[in-house]
Structure formats: C-alpha cells, structure tokens
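Each chain, letter by letter, is given below.
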Amino acid sequence: MYRLLAERYPDAHCELDFTNPFELLVATVLSAQTTDVRVNLVTPELFRRYPDARALAGADRTDVETIIASTGFFRAKTESLLKLGVALMEQHDGEVPGRMVDLVKLPGVGRKTANVVLGNAFGVPGITVDTHFGRLARRFGWTAEEDPVKVEHAVGALIPRKDWTQLSHVLVFHGRRTCHAKKAACGACPIARLCPSYGVGETDPDKAAKLVRTAPPR
DNA sequence: ATCCCGAGGG
DNA sequence: CCCTCTGGAT
C-alpha cells in the first residue's frame, strides 16, 4: 500500500525547509492548524529577531504575537514559544534535544512535532499518527483515535524503517490532495481498491469507520 | 461552511 | 472522552 502511495506522490517532502533544529522546531510548532506556506511567510522576521533559544526565552510577548498573528492560534502559540525558549535554556543549555523522550517534555511539543524535528533535522526515522494518518486509519476501520501509538507502531512495522520520515510526508500529501476529511476524491485515489470505505461507498471517514470493521494492521 | 501535518487542559 | 485556541484559503 505504501508503495502505491509513494509512487503517486513522488514529490512528497517536508515543506518546512529548515535544517537548523531550532528553526525547524519553532516552525513546526507554528504549523499547527495552518498551511506551511503561511508559516514560511512569518519565519524570516521571527528568526531575524529571535535566532536562538536564548533570544526566544527573553522575547517580548506582544512582538511575537504580532509577528506570528497570521498563522492562527497566535496567543497559545506565543505562550508555547516563550516557554519553549525558557525550557530549552534550562533543560538543554539552549540546544534542541535529538531524542523523543526529551522533545515531548518541551512545552507545546507533542509526538507529531517531535517526529518532524527528529526526521528532518536529526535524520532519525519517525512515524506519527497525525490527522491525515488518523483519517486514513479510520477509513480502514482501524482504531487510530483510540490508540494512536499502537497504530503508529503497527503501521511502522509494515514500512522499512529508513522510509518512516518519507512515509509521513507521503501521507500528508495524500490527505491534502486526495483523501480529504469529508469528501475524499476516491476516483483519483491510488489505493481505492484496497480501501474498505470505497467498497461501501463512503467518503466520510467517521461514517466509514462505523460501516467498516477491519482488523488493525499487523 | 469546512479544513488545515496540534497541544494542553478539563 | 470532550473542549478551546485562531486566521486564512477554498
């Protein structure tokens, strides 16, 4: 299944173009519930003013809010970023840690954000159940929303470890271009013939989950 | 109207 | 499990 998806979206990649762990981490925190295009619009100014954890820890709240306003959730994100700067200084001497256990302890950083940083800044293969992944899982009758980590591991076992980071990008592209939240473009879907939801004619993942009872992947 | 590569809190 | 936080594109 992964091969079919990967062939369909050969240009899948991380659209947050940062190799610097600090910048990638901050940009990823900002990317929640927005498009990466919008994040890329505010990051130049943000990093000019706050190039590292130390600067971010001492940042002016209102300035940060103004800069990132267009990415949405700006108060919550600003709060996270200021705390993030402080936590990085206190816990890691201003450096971004390269391990999941450390990353998820940081304020505003969950498994999703941590995996983006691990995969694209540290070269550590990561696989995470994000909204696209969860949606895809529901279409197959899997229980992503009940136990995301279990599904994460189960699907991870199907994919060569070296491809995990790329897999997450492929899934995002698939979700954005084809497997939409409410009405999926099943006619253009490369894995439609494998999808139980397509079989029962349901393009809404939540309705599909009720109609479809498939064993989780192993 | 609906959605966006989410996280924290109740 | 639920809710909230937010703006912009389609």
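Residues numbered from 1 in each chain as written. Chains lettered and ligands numbered in written order. Predicted model: local features only at pLDDT ≥ 70, side-chain atom pairs only at ≥ 80, totals over all residues. Heavy atoms only, no water.

*Asks:* Any chance you could break down the protein's contact with DNA strand C for me, citing the residues and the numbers?
*Replies:* As a matter of local geometry, DNA strand C sits amid ten residues, with Gln33, Arg38, Gly72, Phe73 and Arg75 nearest to it. Each atom of DNA strand C within 4 Å of the protein was assigned to sugar, phosphate or base; sugar and phosphate come to 55%. Taking Gln33, its main chain carries an N or O atom lying 3.2 Å from a base nitrogen of DNA strand C. Ala76 places a main-chain nitrogen or oxygen 3.3 Å from a phosphate oxygen of DNA strand C. Broken down by element, the surface near DNA strand C gets its largest block of residues, three residues, from helix H6 (residues 74-92). A per-class count over the surface near DNA strand C returns four nonpolar, three polar and three charged. (Near = heavy atom within 4 Å. Polar contact = N/O pair within 3.5 Å; in protein donor to acceptor, adjacent residues only side chain to side chain. Helix = DSSP H or I, 4+ residues; strand = E, 2+ residues; numbered from the N terminus. Nonpolar A, V, L, I, M, F, W, Y, C, P; charged D, E, K, R; others polar.)

*Asks:* Break down unusual backbone geometry for me, citing the residues and quoting the values.
*Replies:* Although it is not a glycine, Gln33 sits at a positive phi angle of roughly 55 degrees. For Gln33, a relative accessible area of 68% puts it in the exposed group. Here the phi dihedral of Phe73 falls at roughly 50 degrees; this positive angle occurs in a residue that is not glycine. With respect to the helices and strands, the residue Phe73 is situated in the loop between helix H5 (61-68) and H6. (Buried < 20%, exposed > 50% of the residue type's maximum accessible area, 1.4 Å probe, protein only.)

*Asks:* Go over the domain arrangement of chain A with me, naming the residues and quoting the values.
*Replies:* Split by domain assignment, chain A resolves into domain 1 (21-121) and domain 2 (128-209). The distance between the C-alpha centroids of domain 1 and domain 2 comes to 28 Å. Between domain 1 and domain 2, the residue contacts involve five residues of the former and six residues of the latter. Taking both sides of the interface into account, the surface hidden between domain 1 and domain 2 amounts to around 490 Å²; carbon and sulfur atoms contribute 49%. (Domains from an automatic or database assignment. Contact = heavy atoms within 4.5 Å. Buried area = accessible area lost by both parts, 1.4 Å probe.)

*Asks:* Tell me what's going on with the UniProt feature "binding site: [4Fe-4S] cluster" (unreviewed entry) in chain A, and back it up with residues and numbers.
*Replies:* The UniProt entry lists Cys179, Cys186, Cys189 and Cys195 under the feature "binding site: [4Fe-4S] cluster" (unreviewed entry), expressed in the numbering used here. The greatest C-alpha distance among the annotated residues, which extend across 17 residues, is 11.1 Å, indicating that they converge on a single site. In this structure, the largest cavity is lined, among the annotated residues mentioned, by Cys179, Cys186, Cys189 and Cys195. Not counting residues up to four positions away in its chain, the partners in contact with Cys179 are Arg135, Arg139, His174 and Ala184. Judged by relative accessible area, Cys189 falls into the buried class, the value being 19%. (UniProt positions renumbered as here; feature names shortened; annotations may be inferred. 1 Å grid on protein atoms, 1.4 Å probe; cavity = no way out; pocket = protein on both sides within 12 Å on 5 of 7 lines; lining within 4 Å.)

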